[in-house]
Amino acid sequence: MRTDLRDLRNGLLFCSPWLVGFSVFTLLPVVICARYSLSDYSATPQPRLFIGAGNYHDLLHDPLFRKSIANTLYYAAIALPAGMLVSLGLALMLNADIRGRAIYRTVIFLPSLVPTVATACVWLWLYNAKYGLINNLLRSIGIQGPAWIDDRHWAMPSLALMSLWGVGNTVVIYLAGLQDVPRDVLEAAEIDGATHWRRIWHVTIPMLSPVIFFNLIMAIITTLQVLTIPYIMTEGGPENATYFFTMAIYDNAFRYLHMGYASAMAWVQLVLILGLTGLAFWTSKRWVHYGGGG
Amino acid sequence: MKLLKRVMLTFLLAIGTGFLVFGPRPGQSLPADRVIVEYWEKWTGNEGDAMKRSVADFNDSVGREKGIYVRYLSMSNIDQKTLAACAAGVPPDVAGLIQRQIVQFSALGVLEPLDDLARSHGITADLYKPIYWESCNDQSHLWCLISTPGVVALHYNRGVFRQNAAALRGAGLDPDRPPRTIAELDAYSRVLDTYGPDGSLDRVGHLPMIPGWYLDYTFYWFGGDIFDPSTQRFTLASPQNIACYEWLRSYSLRLGKGPMQKFRGGVGKQFDTPQNPFISEKVAMEQQGPWLAGFIYNLTKRAEPWRPSMSEALVPRSQEGQLPNRRENYRWAAAPFPSAVPGLENVTFVDFDALVIPHGARHPREAFEFIAYVNRQDVMERLCKLHCKNSPLRAVSRDFLEHHPNPYIEVFESLAASPHARALPHVPIWPEAHKELDDAAQSVYLLDAEPREALQRAQDHLQAKIDRFRERERLRNFSNAH
């Protein structure tokens, strides 16, 4: 018993820097945010005014809030599956025994090391409607490219397409997962006459499903919180076509100084992410296979 | 392994010691016998250097005499940092904000009123051009004084005008002068638009959306308004404003929405680069402030081929006094932006960088000594010359006009002093108003909404927001009183 207590004490002491950091910089702000969401508060010397559910009521009647949610879900609907498929596809290809594999892996991973602002600046020029590389290439084969991020119909797909630029991190996680797929099972399937695609579909992917699940959860969280790239590239335009949920929170908190209203929005975002993550966990029982029977 | 550990440890210790011995030190030593005034400012580069010079001069003169030392600290997002510092109870003594934050910040109690301090220094309305003084005041209080101002004028490319002289004359227009009415501006623009071999726009005479910085205020050139302070109502859907948005839309209709969008996306939002659409001669006429001359001049220092032809001059700036008219030295020119209303002349929009004392500042009196110093005519003129801006003061010296880096400074001075000079409306929710106006303008020039419909929608949204702001203000006052 004494040893258990000592271990507990030592364990807590070792993780106390994280516990203190988490409590002060995450847990406490979350609790304060819940309190602010029930008030009219501007983070200024102006006194806080308790308004109950007033902010939540106002959210229901805010067209820009609804638009920002719809935009975020639209982006997630494109970027999330595209990112999952492309990164898995790249990982499968990079796992093959080919010449120069290390170079390909490095090339795929490198873009994820580029700072976000630099990436945005480069893509601004790539998407430039008149002088951009993409439209110049299209022009050389006789296609008039769209105005990309300056066209409200193309802006969101353009940003979603651009998100594939940073799949390197996910590819690395898939590659690590692929190393754990037992070779004997793959060989057994091959001996039984399974084609390459069948081996992937019936062996590799089920074996990789915990990793796919992890990446899915991370992708849900990140795509629903996207901010930096669209803020730099489109500022939410044209005509709010790329006005994301997190952008609306930022604007309300730091531009309009409606910290209470922004806090209410942040709670809605948290509930939305929790809901979608919970849905993913619920469905995971059907398609995620843990090797250890978990 | 043990040796490797020792080597690593020694290496890390060496780095740490080196950092302590040779690492960064505070940039300036602070005099112990003076009150230290913390001054936060957004400027960096040339503009920051110019203000630092004023700070240094203050510290060596008035500051020395009165025992005050101003410490200049340059930072980004100064508005947010000032707010955070105020909320934490440790604000700077002076903060360099911009005009559009003043009414919002004062309404939220972030700023100290300066009335008594200004009065004690003899700073009164009659020292300033009326529009600037009016904009420093709200709800019968003075909330800021000016560090450097701005005023908007039409900038036009005389080189392009000359190259197209025959075509302009053919359209009944004079290539040797700028347009004087909105109808003339449109006519000049039609002549100066050019298309590439693939049919895409190569240059536009004028496009109101480039740079688009002043779209929110375009109503003023049509005799319209944004907000009526006496009734606390937005007036966006007025006939003048609808006419203004009809004009905005006419450019998309004439040039075609697709080509216009591609052109706009193509020339981008570049400003301080040779790719600036006006400097790269992709736009022949645009609205800009007096500072543009400084940015054009700075580009002369670029090596070929990155030096734009717009920055070419007949003689070096140091010798332009020998020319009969120094304006002839430049390829560009400035004039009042034309108005759509006959008789409504010298319409302009002014804004400025403001010096404020945040709520809870520890040394407000000493801080105001510095603000008052910056607003002295000689100090203000030197700073405005270095920033290539006009002066907010009524009195302007001959030296300021003759040796200002902008050869058209008289144009800007007379515009700022004009009775038709306008500024931001006194709206405490201006950032939200800007967003609504931006959305309305976009939906109109992208031909997705009729001007009346877009303006009415924006007006309804904003009216609901200002009503809610006032209602909560009333509730807050009521709960404080009880």
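Description of the structure in this document.

Calculation rules
Residues numbered from 1 in each chain as written. Chains lettered and ligands numbered in written order. Predicted model: local features only at pLDDT ≥ 70, side-chain atom pairs only at ≥ 80, totals over all residues. Heavy atoms only, no water. Helix = DSSP H or I, 4+ residues; strand = E, 2+ residues; numbered from the N terminus. Contact = heavy atoms within 4.5 Å. Areas by Shrake-Rupley, 256 points an atom, 1.4 Å probe, with all protein chains shown as cover. Lys, Arg positive; Asp, Glu negative; His and termini not counted. Charge placed at Lys NZ, Arg CZ, Asp CG, Glu CD. Core = buried A, V, L, I, M, F, W, Y, C linked by side-chain atoms within 4.5 Å. Buried < 20%, exposed > 50% of the residue type's maximum accessible area, 1.4 Å probe, protein only. Salt bridge = Lys/Arg side-chain N within 4 Å of Asp/Glu carboxyl O. Pairing = 2+ DSSP bridges. Buried area = accessible area lost by both parts, 1.4 Å probe. Polar contact = N/O pair within 3.5 Å; in protein donor to acceptor, adjacent residues only side chain to side chain. Nonpolar A, V, L, I, M, F, W, Y, C, P; charged D, E, K, R; others polar. Axes fitted to C-alpha atoms, helices over the stretch in contact; angles between N-to-C directions. Phe/Tyr/Trp six-rings, centres within 6.5 Å; stacked < 30°, edge-to-face > 60°.

**So, the overall build of chain A**
Scanning chain A for helices and strands turns up 13 helices and two strands. Principal-axis analysis of the C-alpha atoms gives chain A an extent of 75 × 75 × 30 Å. A sequence separation of at least 24 residues applies to 65% of the contacts in chain A between residues at least 6 apart. When the accessible surface of chain A is summed, it comes to about 16,400 Å², and 69% of that surface belongs to carbon and sulfur atoms. The distance from the centre of the 19 positive side-chain charges to the centre of the 16 negative ones in chain A is 2 Å.

**Considerations on the nonpolar core**
In terms of nonpolar packing, the biggest core is built from 150 residues, with Tyr39(B), Ile226(B), Phe234(B), Tyr245(B) and Phe368(B) touching the most fellow members. Discounting residues that sit within four places of it in the chain, Tyr39(B) has contacts with Met51(B), Val55(B), Val70(B), Arg71(B), Tyr72(B), Leu73(B), Val94(B), Gly96(B), Leu355(B) and Phe370(B). Judged by nonpolar contacts, the second largest core, of 36 residues, contains Leu59(A), Tyr127(A), Val226(A) and Tyr256(A).

**Some thoughts on the pattern of salt bridges**
Inspection of every chain in the model, using the stated rule, returns 34 salt bridges over all chains. A salt bridge links Asp353(B) to Lys42(B), with the shortest nitrogen-to-oxygen separation between them at 3.5 Å. Taken together, the positions of Asp353(B) in strand 14 (residues 348–356) and Lys42(B) in the loop between strand 1 (35–41) and helix 2 (45–60) put the pair 311 residues apart, joining distant regions of the chain. Relative accessible area serves as the criterion here: at 11%, Asp353(B) is assigned to the buried category. With a relative accessible area of 23%, Lys42(B) lands in the partly exposed category. Notably, a salt bridge pairs Lys129(B) with Glu413(B), separated by 2.5 Å at the nearest N-O pair. Residue Lys129(B) is found in the loop between helix 6 (115–120) and helix 7 (130–136), and its partner Glu413(B) is found in helix 17 (residues 409–416); the two are separated by 284 residues along the sequence. Here the two residues Lys129(B) and Glu413(B) agree in accessibility, since each one is buried. Overlapping salt bridges bring together Asp40(A), Asp58(A), Arg468(B), Arg472(B) and Arg476(B) as one network.

**Let's talk about the pairing of strand 6 (residues 145–151) of chain B**
All names here are of chain B. Counting buried residues along strand 6, seven of its seven residues qualify, which places the element largely inside the surrounding structure. Strand direction decides the pairing type here: strand 6 and strand 14, joined by six bridges, are antiparallel. For valine 151, the partnering residue across the bridge sits in strand 14 and is valine 350.

**Describing the interface of chain B and chain A**
Facing 37 residues of chain B, the contacting portion of chain A comprises 38 residues. Buried area between chain B and chain A, both sides added, is near 3,200 Å², and the carbon and sulfur share of it is 49%. For chain B, the biggest contributors to the area lost against chain A are Lys262(B), Arg472(B) and Arg476(B); these three give 21% of the whole. If you look at where chain B meets chain A, you find five salt bridges. There are 21 residue pairs in polar contact (both at pLDDT 80 or more) connecting chain B and chain A. At the level of secondary structure, the elements contributing two or more residues to the side of chain B that touches chain A comprise helix 4 (78–87), helix 5 (99–107), strand 9 (201–206), helix 12 (257–267), helix 18 (430–445) and helix 19 (451–481) of chain B. Examining the composition of the side of chain B that touches chain A, we find that seven residues originate from one element, helix 19 of chain B, more than from any other. Here the side of chain B that touches chain A is built from residues that sort into ten nonpolar, 15 polar and twelve charged.

**Digging into the environment of Asn135(A)**
Residue and element names in this part refer to chain A. Topologically, asparagine 135 is positioned in helix 6 (residues 133–140). For asparagine 135, a relative accessible area of 1% translates into the label buried. For the pair asparagine 135 and tryptophan 148, spaced 13 residues apart in the sequence, the C-alpha separation amounts to 9.2 Å. Apart from residues lying up to four places away in sequence, asparagine 135 is in contact with Asn128, Ala129, Gly145, Pro146 and Trp148.

**Focus on the sheet that holds strand 7 (residues 153–157) of chain B**
Residue and element names in this part refer to chain B. Spatially, 8-9-12-7-13 is the arrangement adopted by the five strands of the open sheet, whose pairing is mixed. Only two strands of the sheet have a single partner each, and these edge strands are strand 8 (194–195) and strand 13 (332–335). In terms of strand pairing, strand 9 meets strand 12 (residues 283–288) through two bridges, oriented parallel. The residue of strand 12 that forms the bridge with valine 204 is valine 283. Where helix 12 meets the sheet, its contacts fall on strand 9 and strand 12, and the angle it forms with strand 9 comes to roughly 90°.

**Considering the packing of aromatic side chains**
Using the criterion set out here, one finds 34 aromatic pairs over all chains in the structure. Plain terms: the ring middles of Tyr75(A) and Phe244(A) are 5.1 Å apart, the flat faces sit at 90° to each other, and that makes the pair edge-to-face. Residue Tyr75(A) is located in helix 3 (residues 63–95), and its partner Phe244(A) is located in the loop between helix 11 (228–233) and helix 12 (245–255); the two are separated by 169 residues in the primary sequence. One exposure class covers both Tyr75(A) and Phe244(A), and it is buried. On the basis of an interplanar angle of 40° and a centroid distance of 5.2 Å, the ring pair of Tyr156(B) and Phe161(B) is categorised as tilted.

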